[in-house]
Amino acid sequence: MDVFQVAIDGPVGAGKSTIARLTAARTGFTYIDTGAMYRAVALYALRNGADPAVCGEETVDAMLGGILISLETTGDGQKVFLNGEDVTGLIRGPEATRGSSAAAVYPSVRAMVTARAREIAADGNVIMDGRDIGTAVLPDAKLKVYLDAAVGIRAERRYKELVEKGGSPDFETLVNEIKQRDYNDTHRAADPLRRAEDAVDIDVGGMNAEEVVETILSLIKERGGC
Ligand code: DC
């Protein structure tokens, strides 16, 4: 079967998952959120007494055999299952967020998540988002997109999201967290965040989600995806 794979990469807060989810809904392609998979690995390690930010790769590596991650698209969004348990909400907590950033540094964790993401993607049309999708996970994707925006704009979006959820975030702290995560993502040795040479750049700064989705839909159409 001739499959159409869309790879969406970019830094934290560029809106990758929202855009990927909306584009998947419009095309009927399967959405695969690889960030959620790193978060599920971190949650498992934390629950088993191994904080990936503290323990070495060997400790986390020894646990990987006990982890099965599944994704399910429902009318209510994408659900993430860790060994059959719905952990969709739990993986968004601060510990799993920090732990995922640390776990994503380990090559054995990256190899496991990459293999599982490819397995889920096998034989179907997919939209996959992450940091290394165009460069490492799906190097032959028919469309690669790199979403980006200035740090201040990404922080502003995160700020609004948190306020809408009832939080009272500190803007400067958010800016610093985003800068730190950008640094971690671009400086790790294994599959760092970088745009694939053949990726299409989209500066999402002055665009709303609908405009970004429309841009991607035109690119999919242009390349014969639908
Ligand atoms: O996109 P996110 O915040 O849910 O990702 C969680 C962590 O996983 C983040 O620290 C970056 C990392 N990640 C990665 O290294 N490679 C991917 N393909 C996806 C996420």
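Described in the following lines is the structure provided in the data block. (Residues numbered from 1 in each chain as written. Predicted model: local features only at pLDDT ≥ 70, side-chain atom pairs only at ≥ 80, totals over all residues. Heavy atoms only, no water.)

A word on the overall build of the protein chain
For step 1, the next point in the chain: Scanning the protein chain for helices and strands turns up nine helices and eight strands.
For step 2, the next point in the chain: Summarising its shape, the C-alpha atoms of the protein chain cover approximately 50 × 45 × 35 Å along the three principal directions.
For step 3, the next point in the chain: Scored against the burial criterion, the 226 residues of the protein chain give a buried share of 48%.
For step 4, the next point in the chain: Within the protein chain, residue pairs in contact and separated by at least 24 positions form 74% of the contacts whose partners lie at least 6 positions apart. (Helix = DSSP H or I, 4+ residues; strand = E, 2+ residues; numbered from the N terminus. Buried < 20%, exposed > 50% of the residue type's maximum accessible area, 1.4 Å probe, protein only. Contact = heavy atoms within 4.5 Å.)

What about the packing of aromatic side chains?
For step 1, the next point in the chain: One pass over the structure, following the stated rule, counts two aromatic pairs.
For step 2, the next point in the chain: Relative to F29, the ring of F4 lies with its centre 6.1 Å away and its plane at 45°, an arrangement referred to as tilted. With a gap of 25 residues between them, F4 in the segment before β1 (5–9) and F29 in the loop between α1 (16–27) and β2 (30–33) connect regions that are remote in the sequence.
For step 3, the next point in the chain: Between the aromatic rings of Y159 and F171, the centroid separation amounts to 6.0 Å while the plane-to-plane angle is 75°, which identifies the pairing as edge-to-face. With Y159 in helix α7 (residues 151–164) and F171 in helix α8 (residues 171–187), this residue pair connects regions lying 12 residues apart in the sequence. (Phe/Tyr/Trp six-rings, centres within 6.5 Å; stacked < 30°, edge-to-face > 60°.)

Regarding the nonpolar core
For step 1, the next point in the chain: Counting 36 residues, the largest nonpolar core has V41, I67, I69, V80, V109 and M128 as its most contacted members.
For step 2, the next point in the chain: Of all the elements in the fold, those that place two or more residues in this core are α2 (34–47), α3 (57–63), β3 (69–74), β4 (77–82), α5 (107–121), β6 (126–130) and α6 (133–137).
For step 3, the next point in the chain: For this core, the leading source of residues is α2, giving eight residues.
For step 4, the next point in the chain: Once residues within four sequence positions are removed from consideration, I69 is found in contact with M37, A40, V41, V80, F81, M112, R116 and I120. (Core = buried A, V, L, I, M, F, W, Y, C linked by side-chain atoms within 4.5 Å.)

Some remarks on the site of the ligand
For step 1, the next point in the chain: Every one of the 16 residues lining the ligand counts as a neighbour, but R39, R110, R131, D132 and R181 are closest to it.
For step 2, the next point in the chain: Here T34 contributes a side-chain N or O atom positioned 3.0 Å from a nitrogen atom of the ligand.
For step 3, the next point in the chain: In the model, an oxygen atom of the ligand is placed 3.0 Å from a nitrogen or oxygen of the R188 side chain.
For step 4, the next point in the chain: Coverage of the ligand by the protein amounts to 93% of the 450 Å² it exposes when considered alone. (Near = heavy atom within 4 Å. Polar contact = N/O pair within 3.5 Å; in protein donor to acceptor, adjacent residues only side chain to side chain. Areas by Shrake-Rupley, 256 points an atom, 1.4 Å probe, with all protein chains shown as cover.)

Thoughts on the pattern of salt bridges
For step 1, the next point in the chain: What the rule picks out here adds up to 14 salt bridges.
For step 2, the next point in the chain: Here R26 and E214 are joined by a salt bridge, their closest N and O atoms 2.8 Å apart. Pair noted here: R26 is in helix α1 and E214 is in helix α9 (residues 209–222), with a separation of 188 residues, a long-range link.
For step 3, the next point in the chain: Within this structure, R26, E210 and E214 form a network of salt bridges that share partners. (Salt bridge = Lys/Arg side-chain N within 4 Å of Asp/Glu carboxyl O.)

Re the environment of V12
For step 1, the next point in the chain: Mapped onto the secondary structure, V12 falls in the loop between β1 and α1.
For step 2, the next point in the chain: Spatially, the C-alpha atom of V12 lies 9.3 Å from that of V151, the residues being 139 residues apart in sequence.
For step 3, the next point in the chain: Residues in contact with V12, not counting those within four places in the same chain, are R131, R154, R158, I178, R181 and D182.

Observations concerning the sheet that holds strand β8 (residues 200–203)
For step 1, the next point in the chain: Here we have five strands laid out as an open sheet, ordered β2-β6-β1-β7-β8, and parallel in their pairing. Of all the strands in the sheet, just β2 and β8 have a single pairing partner and so form its edges. In this sheet, adjacent strand axes meet at a mean angle of 20° when their direction is disregarded.
For step 2, the next point in the chain: Note: β2 against β6, four bridges, orientation parallel. Residue T30 lies in a different strand from β6, and its bridge partner there is V126.
For step 3, the next point in the chain: Contacts from α1 reach β1, β2, β6 and β7 (143–148), with the element oriented near 180° to β6.
For step 4, the next point in the chain: Along the sheet, α9 makes contact with β1, β7 and β8, crossing β7 at roughly 160°. (Pairing = 2+ DSSP bridges. Axes fitted to C-alpha atoms, helices over the stretch in contact; angles between N-to-C directions.)

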